[in-house]
Amino acid sequence: MTSRSPIGYIGRGLSLNGRLGGEGEVRIDGMLEGEVDMRGRLEVGEDATVRGPVAVSTAVVSGRIHGSVRADRSVTIREGGRIDGDVHASSVAIDDGGVLAGGVHMDFELPDDVSGPQGEGS
Amino acid sequence: MNDKPSIIPAGVTFRGDVQGDADLLVFGRIDGEIRLSGALVVEESGSVRGEVRARSVTVRGVVVGDAYGVESVRVDDGARMVGDATAPRVLIVEGARFRGRIHMRDDGSPPPRAPSRRRRRRGGRGGDDDAVVEPTRLRESRGGGDARDVPPDRAHRAERPERAERAERPAERSAPRRTERARSEPAPGSEPASEPRRARRGPPPLAMPRVGRTRGQRRS
């Protein structure tokens, strides 16, 4: 990444069909259909739509994602945001007004005295 | 267009097609076709492989593919471009490296689909400026391409074959063209059309074999 380069931005009028990869920070206000597989932060703006699996370091979703979201760090669904798909992350937050239609997969330990039949998360 | 320009930042790669009503700055990399009603700028650190169409196209980094500007195509100092540039105004700034043909149209009509072909047909030579005609060897730009769609007349493009580059070119790429060429207007050093397959190996006398091929493929 060049210091000269600003962060990535997919504006409202733009639609991408394909795979976004590499490393960086990108905000999407337009449309992306395909796949995101990127190290860095992805921000999905209010009017944005992403169709396809997403794998990033951090995702902040105020718009819509149709597809699974996998984050090394965290996934946040903001008010008005919606994910239709499963979320895999070590940290997941759903704000009031955010919607997740799918499962949450988080790896963590339970205290010894409660880890019974339910065990740890799948 | 509407508000701030879209940006593909350095470090980020997009493979696929980009289109829409927006201005786009490419600091990273795009492999695929770009169609914008706004302006496209391929910044110094940026590269694009594929056909680009925009209101205006500015190249400061690298573009491999044909560029169509409704208003202009500009290849800046330090930029590298391989492909045809089509626009009412085409600017090649001193210090730019460019390989391809220039089509300047002054009728203001939207970029034709296959301008070089039509122009060749109708206007014959001289209608367009054959500004730069040099052999190309960006084979990677047309990975997996075949030359089915290459119009025969493209064969005439090659005015100044350069052996070194020709020899390096993958065989299949230049074959069909080669054959056409041999048929219509045997070039210096070209082999007879009777041996088209083999002819691939030989130095094809074509200047811009790949330019335009992507276009043909995509359209089909």
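Preceding this paragraph is the structure being described.
Bear in mind the structure is a predicted one, so any value in this text is a computation, not a measurement.

The rules we used
Residues numbered from 1 in each chain as written. Chains lettered and ligands numbered in written order. Predicted model: local features only at pLDDT ≥ 70, side-chain atom pairs only at ≥ 80, totals over all residues. Heavy atoms only, no water. Helix = DSSP H or I, 4+ residues; strand = E, 2+ residues; numbered from the N terminus. Buried < 20%, exposed > 50% of the residue type's maximum accessible area, 1.4 Å probe, protein only. Contact = heavy atoms within 4.5 Å. Areas by Shrake-Rupley, 256 points an atom, 1.4 Å probe, with all protein chains shown as cover. Pairing = 2+ DSSP bridges. Phe/Tyr/Trp six-rings, centres within 6.5 Å; stacked < 30°, edge-to-face > 60°. Lys NZ or Arg CZ within 6 Å of the ring centre and 35° of its normal. Polar contact = N/O pair within 3.5 Å; in protein donor to acceptor, adjacent residues only side chain to side chain. Buried area = accessible area lost by both parts, 1.4 Å probe. Salt bridge = Lys/Arg side-chain N within 4 Å of Asp/Glu carboxyl O. Core = buried A, V, L, I, M, F, W, Y, C linked by side-chain atoms within 4.5 Å.

1. With respect to the overall build of chain A
Counting secondary structure elements, chain A contains zero helices and twelve strands. Written out in order from the N terminus, the α and β elements of chain A read β-β-β-β-β-β-β-β-β-β-β-β. Counting only residues that meet the buried cut, chain A has 41% of its 122 residues in that class. Counted over contacts in chain A with a minimum sequence separation of 6, partners at least 24 positions apart contribute 0%. Accessible area for chain A stands at about 6,200 Å²; split by element, carbon and sulfur atoms hold 43% of it.

2. What about the pairing of strand β10 (residues 67-75) of chain B?
Residue and element names in this part refer to chain B. Note that strand β8 (residues 52-59) and β10 share seven bridges and pair parallel. If you follow Val57 over to β10, its bridge partner there is Val73. Here β10 pairs with strand β12 (residues 85-87) via two bridges, running parallel. The residue of β12 that forms the bridge with Ala67 is Ala85.

3. Let's talk about the packing of aromatic side chains
Scanning all chains against the criterion turns up zero aromatic pairs over all chains. A cation sits over an aromatic face here: Arg53 of chain B above Tyr68 of chain B, 3.9 Å from the ring centre.

4. Details of the side chain of Arg53 of chain B
Residue placement: Arg53 of chain B occurs in strand β8. In this structure the side chain of Arg53 of chain B is engaged in a polar contact, spanning 2.7 Å, whose partner is the side chain of Glu51 of chain B.

5. Notes on the interface of chain B and chain A
The interface is formed by 26 residues belonging to chain B together with 26 residues belonging to chain A. Summing both sides of the interface, chain B and chain A together bury roughly 1,900 Å²; the carbon and sulfur share of this comes to 56%. Remark: the boundary between chain B and chain A carries zero salt bridges. Counting only elements with at least two residues in the side of chain B that touches chain A, the list comes to β1 (6-8) and β2 (12-20) of chain B.

6. Observations regarding the nonpolar core
In a soluble, globular protein the nonpolar side chains are often hidden away together inside. Core analysis: the largest hydrophobic core is formed by 55 residues, its most contacted members being Ile83 of chain A together with Val18, Leu24, Ile30, Ile34 and Leu40 of chain B. Counting residues in hydrophobic clusters, the runner-up holds six residues, among them Tyr9 of chain A together with Ile7, Leu25 and Phe27 of chain B.

7. Focus: the environment of Glu94 of chain B
Mapping Glu94 of chain B onto the fold places it in the loop between β13 (89-92) and β14 (97-99). Placed 19 residues apart in sequence, Glu94 of chain B and Val75 of chain B show a C-alpha to C-alpha distance of 8.9 Å.

8. Section: the pairing of β2 of chain B
Bridge count between strand β2 (residues 14-28) of chain A and β2 of chain B: nine bridges; the pairing is antiparallel. Bridge assignment links Asn17 of chain A to a residue of β2 of chain B, and that residue is Asp17 of chain B. Pairing geometry for β2 of chain B and strand β4 (residues 29-31) of chain B, over three bridges, is parallel. Within the sheet, the bridge partner assigned to Thr13 of chain B lies in β4 of chain B and is Arg29 of chain B. Here β2 of chain B pairs with strand β5 (residues 34-36) of chain B via three bridges, running parallel. Bridging across to β5 of chain B, Val18 of chain B finds its partner in Ile34 of chain B.

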